Amino acid sequence: MCRHLAYLGAPVSPVGPLVGAPHALLVQAHAPADMRGGGTVNADGFGLAWLADDEGPPVRYRRARPVWTDETLPRLAETGRPGAFVGGVRSGTPGMPVEEGACAPFVDDRWMFSHNGVVTGWPSSVAGLAEKLPVVDLLGLEARTDSALLWALLRRRLAAGGDPVTEVAQLVSDVDRAAPGSRLNLVLTGRDLLVATAWTHSLSVLARGGGVAVASEPYDDDPAWQPVPDRHLVVARRDGTGAV
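The text that follows walks through the structure, step by step, so that each part is easy to find. Everything numeric here is computed off the predicted structure, so don't read it as measured data. (Residues numbered from 1 in each chain as written. Predicted model: local features only at pLDDT ≥ 70, side-chain atom pairs only at ≥ 80, totals over all residues. Heavy atoms only, no water.)

Considering the state of the cysteines
(1) Moving on: Using the criterion set out here, one finds zero disulfides in the structure.
(2) Moving on: Unpaired in terms of disulfides, Cys2 finds its nearest cysteine sulfur in Cys103, a separation of 8.4 Å.
(3) Moving on: By relative accessible area, which is 12% here, Cys2 ends up buried.
(4) Moving on: By relative accessible area, which is 1% here, Cys103 ends up buried. (Disulfide = S-S within 2.5 Å. Buried < 20%, exposed > 50% of the residue type's maximum accessible area, 1.4 Å probe, protein only.)

Some words on the packing of helix H6 (residues 146-159) against helix H7 (residues 164-178)
(1) Moving on: Here H6 crosses H7 at 140°, and the two axes come no closer than 10 Å. As the angle between them shows, H6 and H7 are arranged oblique. Considering only the axes of H6 and H7, their crossing is right-handed. For the pair H6 and H7, the contacting residues are Leu150, Leu153, Leu154, Arg157 and Leu158 in the first and Pro164, Glu167, Val168, Gln170, Leu171, Asp174 and Val175 in the second. (Axes fitted to C-alpha atoms, helices over the stretch in contact; angles between N-to-C directions. Helix = DSSP H or I, 4+ residues; strand = E, 2+ residues; numbered from the N terminus. Parallel < 35°, antiparallel > 145°, perpendicular 65-115°, else oblique. Left-handed = near helix turned anticlockwise from the far one by under 90°. Contact = heavy atoms within 4.5 Å.)

Description of the nonpolar core
(1) Moving on: Counting residues in each nonpolar core, the largest one holds 30 residues, and the members touching the most others are Phe113, Leu150, Val175 and Leu188.
(2) Moving on: When residues in this core are grouped by element, the largest group, eight residues, is from H6.
(3) Moving on: Counting 22 residues, the second largest nonpolar core, distinct from the first, contains Tyr7, Ala24, Leu206 and Ala215. (Core = buried A, V, L, I, M, F, W, Y, C linked by side-chain atoms within 4.5 Å.)

As for the packing of aromatic side chains
(1) Moving on: Within the structure shown, the criterion is met by five aromatic pairs.
(2) Moving on: Taking 6.0 Å as the distance between ring centres and 55° as the angle between the ring planes, the aromatic pair formed by Phe46 and Tyr61 counts as tilted. Linking Phe46 in strand S2 (residues 46-50) with Tyr61 in strand S3 (residues 59-63), this pair joins segments that are 15 residues apart in sequence.
(3) Moving on: Given the relative accessible area of 1%, Phe46 is considered buried.
(4) Moving on: On the basis of relative accessibility, which here comes to 10%, the residue Tyr61 falls in the buried class. (Phe/Tyr/Trp six-rings, centres within 6.5 Å; stacked < 30°, edge-to-face > 60°.)

Considering unusual backbone geometry
(1) Moving on: Omega for the peptide link from Ala104 to Pro105 comes to 5°, which places this bond in the cis form.
(2) Moving on: Cis geometry marks the peptide bond from Trp122 to Pro123; its omega dihedral reads 0°.
(3) Moving on: In this structure, Pro123 sits in the loop between strand S6 (112-118) and helix H4 (127-130).
(4) Moving on: One non-glycine residue, Thr200, adopts positive backbone phi at about 70°.
(5) Moving on: Examined against the element boundaries, Thr200 turns out to sit in the loop between strand S8 (193-198) and strand S9 (204-208).

A word on the sheet that holds S9
(1) Moving on: Ordered by their spatial adjacency, seven strands build an open sheet running S3-S2-S4-S1-S10-S9-S11, and the pairing between neighbours is antiparallel. Looking at the sheet topology across the chains shown, the edges are occupied by S3 and strand S11 (226-227).
(2) Moving on: One ladder, built from five bridges, connects strand S1 (residues 3-9) with strand S10 (residues 211-215); its direction is antiparallel. Across the sheet, residue Gly9 finds its bridge partner in S10, namely Gly211. (Pairing = 2+ DSSP bridges.)

This is the structure in C-alpha coordinates:
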(Lines give C-alpha, C1' and ligand atoms only; values in the text may rest on other atoms or scores of the structure.)
Protein backbone atom coordinates (compact mmCIF):
# COMPACT_ATOMS: atom_id res chain seq x y z
CA MET A 1 0.00 0.00 0.00
CA CYS A 2 3.05 2.27 -0.04
CA ARG A 3 4.63 4.54 2.56
CA HIS A 4 5.04 8.27 2.10
CA LEU A 5 6.09 11.45 3.85
CA ALA A 6 6.01 15.19 3.27
CA TYR A 7 7.60 18.27 4.79
CA LEU A 8 6.92 22.00 4.78
CA GLY A 9 8.85 24.66 6.67
CA ALA A 10 12.35 25.93 7.27
CA PRO A 11 14.90 24.54 4.80
CA VAL A 12 16.16 21.10 5.83
CA SER A 13 17.94 18.18 4.24
CA PRO A 14 15.59 15.32 3.29
CA VAL A 15 18.36 12.76 3.72
CA GLY A 16 17.33 11.82 7.28
CA PRO A 17 13.65 11.06 6.61
CA LEU A 18 14.55 9.29 3.38
CA VAL A 19 17.56 7.15 4.26
CA GLY A 20 19.35 8.23 7.44
CA ALA A 21 16.84 8.16 10.29
CA PRO A 22 16.27 4.97 12.34
CA HIS A 23 12.96 4.28 10.58
CA ALA A 24 13.49 6.24 7.37
CA LEU A 25 11.61 5.43 4.17
CA LEU A 26 14.54 3.19 3.27
CA VAL A 27 13.70 1.04 6.30
CA GLN A 28 9.94 1.30 5.83
CA ALA A 29 10.40 -0.07 2.32
CA HIS A 30 11.51 -3.48 3.61
CA ALA A 31 10.41 -3.42 7.27
CA PRO A 32 7.23 -1.35 7.63
CA ALA A 33 5.66 -1.35 11.07
CA ASP A 34 2.03 -0.46 10.38
CA MET A 35 0.79 -1.59 6.97
CA ARG A 36 -2.64 -2.58 8.36
CA GLY A 37 -3.10 -5.53 6.03
CA GLY A 38 -1.91 -3.62 2.99
CA GLY A 39 1.07 -5.79 2.07
CA THR A 40 4.41 -6.55 3.68
CA VAL A 41 7.10 -4.73 1.68
CA ASN A 42 7.30 -1.64 -0.51
CA ALA A 43 9.69 -2.72 -3.23
CA ASP A 44 7.94 -1.61 -6.43
CA GLY A 45 9.58 1.77 -6.76
CA PHE A 46 10.26 5.04 -4.99
CA GLY A 47 10.36 8.75 -5.59
CA LEU A 48 11.35 12.12 -4.19
CA ALA A 49 10.17 15.56 -5.27
CA TRP A 50 11.28 18.89 -3.82
CA LEU A 51 11.16 22.62 -4.43
CA ALA A 52 14.69 23.64 -5.24
CA ASP A 53 14.16 27.42 -5.35
CA ASP A 54 11.63 30.13 -4.62
CA GLU A 55 9.92 30.19 -8.00
CA GLY A 56 10.58 27.09 -10.10
CA PRO A 57 8.51 23.92 -10.38
CA PRO A 58 9.28 20.82 -8.32
CA VAL A 59 12.30 18.70 -9.14
CA ARG A 60 11.65 14.96 -9.15
CA TYR A 61 13.62 11.72 -9.07
CA ARG A 62 11.83 8.35 -9.43
CA ARG A 63 12.74 4.77 -10.18
CA ALA A 64 10.70 1.57 -10.53
CA ARG A 65 12.93 -0.58 -8.34
CA PRO A 66 13.49 -1.10 -4.61
CA VAL A 67 14.88 2.01 -2.97
CA TRP A 68 17.62 0.01 -1.25
CA THR A 69 19.11 -0.85 -4.66
CA ASP A 70 19.60 2.79 -5.66
CA GLU A 71 22.92 4.54 -5.03
CA THR A 72 21.85 7.93 -6.37
CA LEU A 73 19.04 8.84 -3.97
CA PRO A 74 21.15 9.20 -0.79
CA ARG A 75 23.70 11.40 -2.57
CA LEU A 76 20.95 13.43 -4.24
CA ALA A 77 19.14 13.99 -0.94
CA GLU A 78 22.34 15.34 0.60
CA THR A 79 22.78 18.07 -2.01
CA GLY A 80 20.00 20.44 -1.00
CA ARG A 81 17.95 21.88 1.83
CA PRO A 82 14.47 22.45 0.41
CA GLY A 83 11.62 24.03 2.30
CA ALA A 84 9.14 21.50 0.93
CA PHE A 85 9.47 17.92 -0.26
CA VAL A 86 7.49 14.68 -0.71
CA GLY A 87 8.90 11.16 -0.74
CA GLY A 88 7.40 7.73 -1.17
CA VAL A 89 8.07 4.03 -1.59
CA ARG A 90 5.59 1.88 -3.49
CA SER A 91 3.88 -1.46 -2.99
CA GLY A 92 2.02 -1.95 -6.25
CA THR A 93 -1.55 -3.22 -6.13
CA PRO A 94 -1.90 -6.56 -7.98
CA GLY A 95 -2.93 -5.91 -11.56
CA MET A 96 -1.39 -2.45 -11.70
CA PRO A 97 1.89 -1.87 -13.53
CA VAL A 98 5.30 -1.67 -11.91
CA GLU A 99 6.85 1.22 -13.80
CA GLU A 100 8.38 4.60 -13.11
CA GLY A 101 5.23 6.50 -14.06
CA ALA A 102 3.30 4.71 -11.33
CA CYS A 103 5.60 5.92 -8.55
CA ALA A 104 4.80 8.91 -6.37
CA PRO A 105 5.31 11.77 -6.14
CA PHE A 106 3.22 13.09 -9.02
CA VAL A 107 3.94 16.72 -9.83
CA ASP A 108 2.91 19.69 -11.93
CA ASP A 109 4.31 23.21 -12.08
CA ARG A 110 3.21 23.94 -8.51
CA TRP A 111 2.24 20.84 -6.55
CA MET A 112 3.61 17.51 -5.35
CA PHE A 113 1.14 14.67 -4.70
CA SER A 114 1.19 11.17 -3.24
CA HIS A 115 -1.41 8.48 -2.51
CA ASN A 116 -0.95 5.73 0.06
CA GLY A 117 -3.72 3.16 -0.29
CA VAL A 118 -5.96 1.59 -2.91
CA VAL A 119 -9.23 2.35 -4.68
CA THR A 120 -11.49 -0.65 -4.27
CA GLY A 121 -13.16 -2.01 -7.37
CA TRP A 122 -10.67 -0.26 -9.62
CA PRO A 123 -11.22 0.75 -12.37
CA SER A 124 -14.97 0.31 -12.79
CA SER A 125 -15.84 1.79 -9.39
CA VAL A 126 -14.50 5.23 -10.33
CA ALA A 127 -15.47 5.25 -13.99
CA GLY A 128 -18.13 7.85 -13.22
CA LEU A 129 -15.51 10.19 -11.80
CA ALA A 130 -13.05 9.52 -14.61
CA GLU A 131 -15.58 10.30 -17.32
CA LYS A 132 -15.81 13.88 -16.03
CA LEU A 133 -12.19 14.48 -16.99
CA PRO A 134 -11.26 15.88 -20.41
CA VAL A 135 -10.11 13.13 -22.74
CA VAL A 136 -6.66 14.71 -22.96
CA ASP A 137 -6.27 14.28 -19.18
CA LEU A 138 -7.10 10.59 -19.40
CA LEU A 139 -4.76 10.08 -22.34
CA GLY A 140 -2.03 11.86 -20.41
CA LEU A 141 -2.14 9.69 -17.27
CA GLU A 142 1.38 8.77 -16.26
CA ALA A 143 0.31 5.20 -15.50
CA ARG A 144 -2.80 3.06 -15.53
CA THR A 145 -3.18 3.18 -11.75
CA ASP A 146 -5.63 4.46 -9.20
CA SER A 147 -3.07 6.93 -7.83
CA ALA A 148 -2.46 8.48 -11.25
CA LEU A 149 -6.19 8.95 -11.73
CA LEU A 150 -6.59 10.53 -8.29
CA TRP A 151 -3.87 13.00 -9.20
CA ALA A 152 -5.53 13.81 -12.53
CA LEU A 153 -8.84 14.45 -10.77
CA LEU A 154 -7.27 16.66 -8.13
CA ARG A 155 -5.06 18.54 -10.59
CA ARG A 156 -8.07 19.37 -12.76
CA ARG A 157 -9.99 20.71 -9.75
CA LEU A 158 -7.03 22.83 -8.66
CA ALA A 159 -6.57 24.18 -12.18
CA ALA A 160 -10.21 25.27 -12.11
CA GLY A 161 -9.45 27.45 -9.08
CA GLY A 162 -10.56 25.15 -6.29
CA ASP A 163 -9.24 25.67 -2.77
CA PRO A 164 -6.59 22.97 -2.20
CA VAL A 165 -7.78 21.98 1.28
CA THR A 166 -11.40 21.78 0.17
CA GLU A 167 -10.57 19.86 -2.99
CA VAL A 168 -8.44 17.25 -1.23
CA ALA A 169 -11.24 16.62 1.27
CA GLN A 170 -13.85 16.54 -1.48
CA LEU A 171 -11.84 14.09 -3.56
CA VAL A 172 -11.60 11.67 -0.66
CA SER A 173 -15.33 11.99 -0.07
CA ASP A 174 -16.17 11.48 -3.75
CA VAL A 175 -13.95 8.42 -4.14
CA ASP A 176 -15.15 6.86 -0.90
CA ARG A 177 -18.73 7.29 -2.04
CA ALA A 178 -17.99 5.67 -5.40
CA ALA A 179 -15.66 2.98 -4.01
CA PRO A 180 -16.49 2.28 -0.36
CA GLY A 181 -13.67 0.77 1.65
CA SER A 182 -10.94 2.51 -0.30
CA ARG A 183 -7.75 3.50 1.48
CA LEU A 184 -7.18 7.16 0.72
CA ASN A 185 -4.22 8.65 2.54
CA LEU A 186 -3.34 11.59 0.29
CA VAL A 187 -0.59 14.21 0.51
CA LEU A 188 -0.58 17.48 -1.43
CA THR A 189 2.34 19.83 -0.86
CA GLY A 190 3.27 23.14 -2.45
CA ARG A 191 5.41 26.11 -1.64
CA ASP A 192 3.22 27.40 1.18
CA LEU A 193 0.77 24.60 2.00
CA LEU A 194 0.75 20.96 3.06
CA VAL A 195 -2.47 18.92 3.15
CA ALA A 196 -2.62 15.28 4.21
CA THR A 197 -5.45 12.85 4.91
CA ALA A 198 -5.68 9.83 7.18
CA TRP A 199 -8.29 7.52 5.67
CA THR A 200 -8.06 3.90 6.87
CA HIS A 201 -4.25 3.96 6.82
CA SER A 202 -1.66 5.11 9.35
CA LEU A 203 -0.40 8.69 9.44
CA SER A 204 1.56 10.70 11.99
CA VAL A 205 2.45 14.39 12.22
CA LEU A 206 5.47 16.14 13.72
CA ALA A 207 6.01 19.87 14.30
CA ARG A 208 9.58 20.87 15.20
CA GLY A 209 12.35 23.24 14.20
CA GLY A 210 10.14 25.58 12.24
CA GLY A 211 8.61 22.87 10.07
CA VAL A 212 5.83 20.28 9.89
CA ALA A 213 6.28 16.71 8.68
CA VAL A 214 3.70 14.03 8.02
CA ALA A 215 4.61 10.40 7.48
CA SER A 216 2.92 7.02 7.17
CA GLU A 217 5.14 5.97 10.05
CA PRO A 218 7.37 8.15 12.29
CA TYR A 219 10.88 8.00 10.87
CA ASP A 220 12.61 8.72 14.18
CA ASP A 221 11.95 8.41 17.92
CA ASP A 222 11.05 12.05 18.61
CA PRO A 223 8.27 11.95 21.27
CA ALA A 224 6.60 14.91 19.54
CA TRP A 225 5.20 12.64 16.82
CA GLN A 226 1.41 12.45 17.07
CA PRO A 227 -0.84 9.88 15.37
CA VAL A 228 -3.50 11.44 13.16
CA PRO A 229 -6.95 10.03 13.92
CA ASP A 230 -8.65 8.12 11.13
CA ARG A 231 -10.76 10.25 8.77
CA HIS A 232 -8.98 13.44 9.73
CA LEU A 233 -7.17 16.07 7.69
CA VAL A 234 -3.82 17.72 8.44
CA VAL A 235 -3.22 21.27 7.18
CA ALA A 236 0.05 23.16 7.60
CA ARG A 237 0.84 26.57 6.16
CA ARG A 238 4.14 28.35 5.84
CA ASP A 239 2.76 31.29 7.85
CA GLY A 240 2.52 28.95 10.84
CA THR A 241 -1.22 28.42 10.84
CA GLY A 242 -2.75 25.02 10.43
CA ALA A 243 -5.00 22.43 11.93
CA VAL A 244 -5.54 18.71 12.39
